[in-house]
Amino acid sequence: MKCKITRNAAKVLRQELDKPENEGKLLRIYVTHSHGDHAHYGMRMDDAGADDEVVETDKEITVVLEKGAELLDGVKIDYFYLPKEGFVISNPTKGNHGDH
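Remember, it's a predicted structure, so these values are computed and weren't measured experimentally.

The rules behind each value
- Residues numbered from 1 in each chain as written.
- Predicted model: local features only at pLDDT ≥ 70, side-chain atom pairs only at ≥ 80, totals over all residues.
- Heavy atoms only, no water.
- Helix = DSSP H or I, 4+ residues; strand = E, 2+ residues; numbered from the N terminus.
- Buried < 20%, exposed > 50% of the residue type's maximum accessible area, 1.4 Å probe, protein only.
- Areas by Shrake-Rupley, 256 points an atom, 1.4 Å probe, with all protein chains shown as cover.
- Pairing = 2+ DSSP bridges.
- Axes fitted to C-alpha atoms, helices over the stretch in contact; angles between N-to-C directions.
- Contact = heavy atoms within 4.5 Å.

**Q** Any details on the overall build of the protein? Residues and values, ideally.
**A** Across its full length, the protein holds 1 helix and 7 strands. Taken from the N to the C terminus, the helices and strands of the protein come in the order β-α-β-β-β-β-β-β. Per-residue burial over the protein gives 39% buried out of 100 residues. Only carbon and sulfur atoms are counted for the fraction: they give 48% of the accessible area of the protein, which is about 6,200 Å².

Following this line, the structure appears as structure tokens:
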């Protein structure tokens, strides 16, 4: 499975992962709900389990994805400052380019 994290997202995620309360935790990306041919995504700090795949990214942030979850393979995490500051998680490889 693959996961892409942009430079802006990595900067904000690294700050969160470096907090004492997140020591030893990994970033989990998950599907909150899906309909049609796309999904909506969420994220949280978590531990990896037996049903998970641990993915190393090029930004030195380890991501946990549910094994076999097709809509998670190729997920992209971005962080925008304008028009509203926050994370955007999409999966362009599955035709999902962001929430609607």
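**Q** Tell me about the sheet that holds strand β7 (residues 86-90), and name the residues and values.
**A** One open sheet accounts for 3 strands, arranged β1-β6-β7; its pairing is mixed. Across the chains shown, the open sheet's two edge strands, defined by having one partner strand only, are β1 (3-5) and β7. Ignoring strand direction, the axes of neighbouring strands in this sheet form an average angle of 20°. Summarising the sheet, strand β6 (residues 75-80) and β7 pair through 5 bridges and their orientation is antiparallel. When the bridges of β7 are listed, Phe80 appears paired with Gly86. Strand contacts of helix α1 (residues 7-17): β1, β6 and β7, with the helix running at about 80° to β6, the strand carrying the most contacts.

**Q** Mind laying out the sheet that holds strand β2 (residues 26-35), listing which residues take part and the relevant values?
**A** If you trace the 4 strands from one edge of the open sheet to the other, you get β3-β2-β5-β4, paired in mixed fashion. Here the strands that pair on one side only, and so sit at the sheet edges, are β3 (38-46) and β4 (52-56). Across the sheet, the axes of successive neighbouring strands diverge by a mean angle of 30°, strand direction being ignored. When β4 meets strand β5 (residues 62-66), the two strands line up antiparallel, connected through 5 bridges. Within β5, the position partnered with Glu56 by the bridge is Thr62.

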